[in-house]
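A look at the structure
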Amino acid sequence: MLTGKHLIAGDWVAGTTLFTSAPASGTAGQFANGSAADVDAAVTAAEAAFPTYSALPRNLRADFLDRIADEIEARGAEITAIGHAESGLPTARLEGERGRTTGQLRLFANHIRAGAYLDRRTDAAQPDRQPAPRPEIRMMQMALGPVAVFGASNFPLAFSTAGGDTASALAAGCPVVVKGHPAHPGTGEIVAQAIDAAIKACNVPAGTFNLVQSNDREAGEALVTHPLIRAVGFTGSLAGGRALFDLCARRPEPIPFFGELGSVNPMFLLPTALATRGATIAAGWAGSLTMGAGQFCTNPGLVVLIDGPEAEGFVASAREALAKVGAQTMLTDGIAAAFRAGRDRIAATAGVREVLTSTCDLRTATPYAFEVSGADWLANHTLGEEVFGPLGIIIRAHDAAEMQAIATHLEGQLTCTLHLEPNDHALARSLLPLLQRKAGRLLVNGFPTGVEVGEAQVHGGPYPASTNFGATSVGTMAIRRWLRPLAYQNFPPELLPPDLA
C-alpha cells in the first residue's frame with residue numbers, strides 16, 4: 001500500500017504540500033512534496049546513523065544489502081505493476097531491470113565481504129633508518145559520511161531509489177538520502193518500503209536510508225547544499241546536473257558531485273566493415289537506437305562513416321529498419337516535449353538532410369534519422385549535443401582524415417564504438433589515441449546499449465558525459481566515489497580499525 005509520504009529516520013512522514021503524479025496509464029496519486037525542512041530532517045538522521053552504520057563489520061553490511069535485494073524481490077509483482085503504470089516501460093523491461101537492481105546489491109555485498117576495496121597498505125617501521133627513523137604507517141579507505149542520491153527518470157529501479165548509487169554508498173558505509181524522481185514516485189516508495197523492512201530486519205540504524213519525494217527544485221537544492229552531505233550522485237540532464245554541480249562547487253565546503261549528464265555515443269564504421277556488413281550493422285544500430293524509445297544514456301546517436309556507395313547502402317538499410325519501429329511511450333510528458341524540440345532543432349540546422357521522418361505527439365516517440373556531411377558537422381557544435389530519444393545522425397566523412405577530425409572534435413562520451421574488420425586495423429589504430437581521450441568505454445563490433453554490471457565496467461567519461469571522469473556509476477569501482485583514504489601513523493594495534501589491525 002502506498003502512503004504518499006517521505007521515509008525519514010524510519011518513519012513515514014507526511015508532507016505539508018502535495019504533488020500529483022502523471023502516470024502513463026492508470027490513476028494519478030498524491031505524494032508529499034519535500035521541503036528544505038524535510039531534507040534537513042533526513043540528512044540529520046543520516047548523520048546520526050553514520051558512526052554506527054559505518055562501523056558495522058563488513059559482513060553485516062553485506063548481509064543488509066542481501067536482505068534489501070530479498071525484500072525487493074518479495075515485492076516484485078507490485079513493483080512491476082506500478083512501474084509500468086508510471087513510466088510506460090514494458091513489464092519485461094522492468095522485470096529485467098529489477099533483476100539488475102538486486103544483482104547490483106548482491107554484487108556489492110560480495111565485493112565488501114572480500115575487502116579488496118579497502119586498498120589496505122602498510123609501510124613498516126624502520127627505527128634504525130638513517131638519517132631519521134621511519135614510523136609505521138597504515139592506510140585504508142574510509143566512508144565519507146552521508147551522501148545524496150538523485151533518482152533517474154529513465155531507470156526507475158537500477159539508477160533510482162535502490163540503484164547503483166545507493167547500493168555502492170551503503171556498501172561503502174555511507175548513509176543515503178534519496179531525492180525521489182517525480183516521474184515514478186510510487187515505484188520509489190515501494191522500493192523504499194523494501195529498504196525500510198531490511199533496516200528493521202537487520203537492526204541497522206533507522207537513518208541509514210531516507211527518501212524525500214519532490215517534484216520541484218527546493219528539495220534538490222537543499223540536499224546538495226546541506227552542510228552534512230559529503231557527496232552527491234546524479235543521473236539526469238546536462239542542464240539540471242550542471243546546476244547542481246555548480247551549487248556543490250559554491251558551497252563554503254565544496255563536495256564532489258558525481259553526475260552523469262549526457263552522451264551521444266558515436267559509432268565509427270570503418271571501410272571494410274561497412275562494405276561487408278553494412279546492412280547488418282544498420283539493422284543493429286536501428287535496434288539499439290530505438291530500444292526503450294531511445295531513452296538510454298548509452299543510446300548511439302551518431303554514426304560516422306566515409307562517404308561513397310557503401311554509405312548509400314547503409315543509409316538505405318538504416319531507413320528501412322527504422323521505418324519498421326512503431327510509436328513508443330516516453331517516460332514523461334516533459335521528456336517527450338524535449339525530444340520533439342531536439343528533433344526540430346536538428347532538422348532546421350544548415351546542411352542537415354532527412355533520412356527518415358515520422359509523426360509523434362503527446363507522450364509518444366517515433367524514430368527520426370538525419371544525415372550531414374563531415375564538414376557541416378564540424379562547423380556546427382550543436383549537432384554533437386544529445387537528443388534524448390530515438391533520433392540518430394549519420395555523418396558522411398569525406399575521407400579517413402576527416403573521420404579523425406570528427407573524433408578529435410567530439411565532446412566527452414560514455415562510449416565510443418568501432419565497427420571493423422582486420423583490414424581496418426590501421427585506421428582503427430589512428431582513431432584509438434583520439435577516442436581513448438573521449439570515452440569511458442570503447443567497444444568493437446557491438447552496440448553500446450546494455451551496460452554489463454561487473455568488476456571491470458566503466459560507466460562515465462569526460463565532461464559532459466560525467467562530471468568526474470575518474471569515476472563510474474556502474475560496476476564495483478563505483479564504491480570508490482564514497483570513500484577517502486586515511487593514514488594511521490604509529491598507532492597501537494588496539495586502537496586501529498578492525499579491518500586494519
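1. Things to note about the overall build of the protein chain
When helices and strands are tallied, the protein chain shows 14 helices and 21 strands. At 24 Å, the protein chain has a C-alpha radius of gyration in line with the 23 Å of a compact globule built from 501 residues. Structurally, the protein chain occupies a C-alpha span of about 75 × 70 × 40 Å along its principal axes. With 501 residues in all, the protein chain has 55% of them scored as buried. Long-range pairs, those at least 24 residues apart, make up 76% of the contacts in the protein chain with a sequence separation of at least 6. The average position of the 38 basic charges and that of the 47 acidic charges among the side chains of the protein chain differ by 4 Å.

2. Brief notes about the state of the cysteines
In the structure shown here, the tally under the stated rule is zero disulfides. In this structure C297 is a free cysteine whose sulfur lies 14 Å from that of C416, the closest cysteine sulfur available. With relative accessibility at 10%, the residue C297 sits in the buried group.

3. Re the side chain of T80
Positionally, T80 belongs in helix 3 (residues 76-87). Residue T80 is classed as buried on the basis of its relative accessible area of 7%. The contacts of T80, once residues within four sequence positions are left out, are T91, L94, E95 and R98.

4. Examining the nonpolar core
Ranked by internal contacts, the top residues of the largest apolar core, which has 52 residues, are L65, I68 and F209. The element best represented in this core is helix 6 (residues 185-202), accounting for seven residues. Excluding its chain neighbours within four sequence positions, the residues that come into contact with I68 are L105, L170, I195 and A198. Core analysis: the second largest hydrophobic core is formed by 38 residues, A365, L391, I395 and L431 among them.

5. Here we look at the pattern of salt bridges
In the structure shown here, the tally under the stated rule is 20 salt bridges. A salt bridge links R230 to E253; its shortest N-O distance comes to 2.6 Å. Highlighted residues: R230 in the loop between helix 7 (217-225) and strand 10 (231-235) and E253 in the loop between helix 8 (238-250) and strand 11 (257-260), separated in sequence by 23 residues. In this structure, E371 and R353 form a salt bridge, with 3.3 Å as the shortest nitrogen-oxygen distance.

6. Some words on the sheet that holds strand 20 (residues 439-444)
Pairing in this open sheet of seven strands is mixed, and the strands run 15-17-18-13-12-19-20 from one edge to the other. This sheet does not close on itself; its edge strands, each paired only once, are strand 15 (353-356) and strand 20. When strand polarity is set aside, the average angle formed by the axes of neighbouring strands in this sheet is 20°. Docked against the sheet, helix 14 (residues 425-435) engages strand 12 (267-269), strand 19 (413-419) and strand 20, running at close to 180° with respect to strand 19.

7. A look at the sheet that holds strand 21 (residues 483-489)
Taken in spatial order, the three strands of this open sheet run 5-6-21, and their pairing is antiparallel. If you trace the sheet from one side to the other, it starts and ends with strand 5 (121-123) and strand 21, each paired once. Going from strand to strand, the sheet's axes swing by 25° on average, the running direction of each strand aside. By the bridge criterion, seven bridges tie strand 6 (residues 137-143) to strand 21 in an arrangement that is antiparallel. Bridge pairing in strand 21 links I137 to Q489.

8. Side note on the packing of aromatic side chains
In the structure shown here, the tally under the stated rule is 11 aromatic pairs. When the centroid spacing of 5.1 Å and the interplanar angle of 55° are considered together, the rings of F155 and F159 count as tilted. The exposure class assigned to F155 is buried, which follows from its relative accessible area of 6%. Taking the centre distance of 6.0 Å and the plane angle of 35° together, the rings of W285 and F314 count as tilted. You can see W285 sitting in helix 9 (residues 271-290) and its partner F314 sitting in helix 10 (residues 309-323), a full 29 residues away along the chain.

9. Some details on the pairing of strand 10
Of all five residues in strand 10, five are buried, a share of seventy percent or more. The alternating pattern of strand 10 places A231, G233 and T235 on one face and V232 and F234 on the opposite face, and all of these are buried. One ladder, built from three bridges, connects strand 7 (residues 147-150) with strand 10; its direction is parallel. Bridged to V147 within strand 10 is A231. Strand direction decides the pairing type here: strand 10 and strand 11, joined by four bridges, are parallel. Bridged to T235 within strand 11 is E260. For the crossover that starts at strand 10, traverses helix 8 and ends in the parallel strand 11, the hand is right-handed.

10. Things to note about the pairing of strand 17 (residues 368-373)
Taken across its six residues, strand 17 has five buried, putting it largely inside the fold. Direction of pairing for strand 17 relative to strand 18 (residues 391-397): parallel, over a ladder of six bridges. Bridge pairing in strand 18 links A369 to G392. Each parallel crossover has a hand, and for strand 17 linked through helix 12 (residues 374-379) to strand 18 it is right-handed.

11. Overview of unusual backbone geometry
Glycine aside, residues mostly have negative phi, and peptide bonds are mostly found in the trans state. At the junction of Q130 and P131, the peptide bond is cis and its omega measures out at 10° in the coordinates. Mapped onto the elements of the fold, P131 is located in the loop between strand 5 and strand 6. The peptide bond linking Y463 to P464 adopts the cis configuration, its omega dihedral lying at 10°. Within the secondary structure, P464 is located in the loop between strand 20 and strand 21. We note that D119 has phi near 50°; this positive angle belongs to a residue other than glycine. In the Ramachandran plot, N265 falls in the positive-phi region, its phi being about 50° despite a non-glycine side chain. Residue position: N265 is located in the loop between strand 11 and strand 12.

Cut-offs and rules
Residues numbered from 1 in each chain as written. Predicted model: local features only at pLDDT ≥ 70, side-chain atom pairs only at ≥ 80, totals over all residues. Heavy atoms only, no water. Helix = DSSP H or I, 4+ residues; strand = E, 2+ residues; numbered from the N terminus. Rg over C-alpha atoms; globule rule 2.2 N^0.38 Å. Buried < 20%, exposed > 50% of the residue type's maximum accessible area, 1.4 Å probe, protein only. Contact = heavy atoms within 4.5 Å. Lys, Arg positive; Asp, Glu negative; His and termini not counted. Charge placed at Lys NZ, Arg CZ, Asp CG, Glu CD. Disulfide = S-S within 2.5 Å. Core = buried A, V, L, I, M, F, W, Y, C linked by side-chain atoms within 4.5 Å. Salt bridge = Lys/Arg side-chain N within 4 Å of Asp/Glu carboxyl O. Pairing = 2+ DSSP bridges. Axes fitted to C-alpha atoms, helices over the stretch in contact; angles between N-to-C directions. Phe/Tyr/Trp six-rings, centres within 6.5 Å; stacked < 30°, edge-to-face > 60°. Right-handed = clockwise from strand over helix to strand, strands pointing away.

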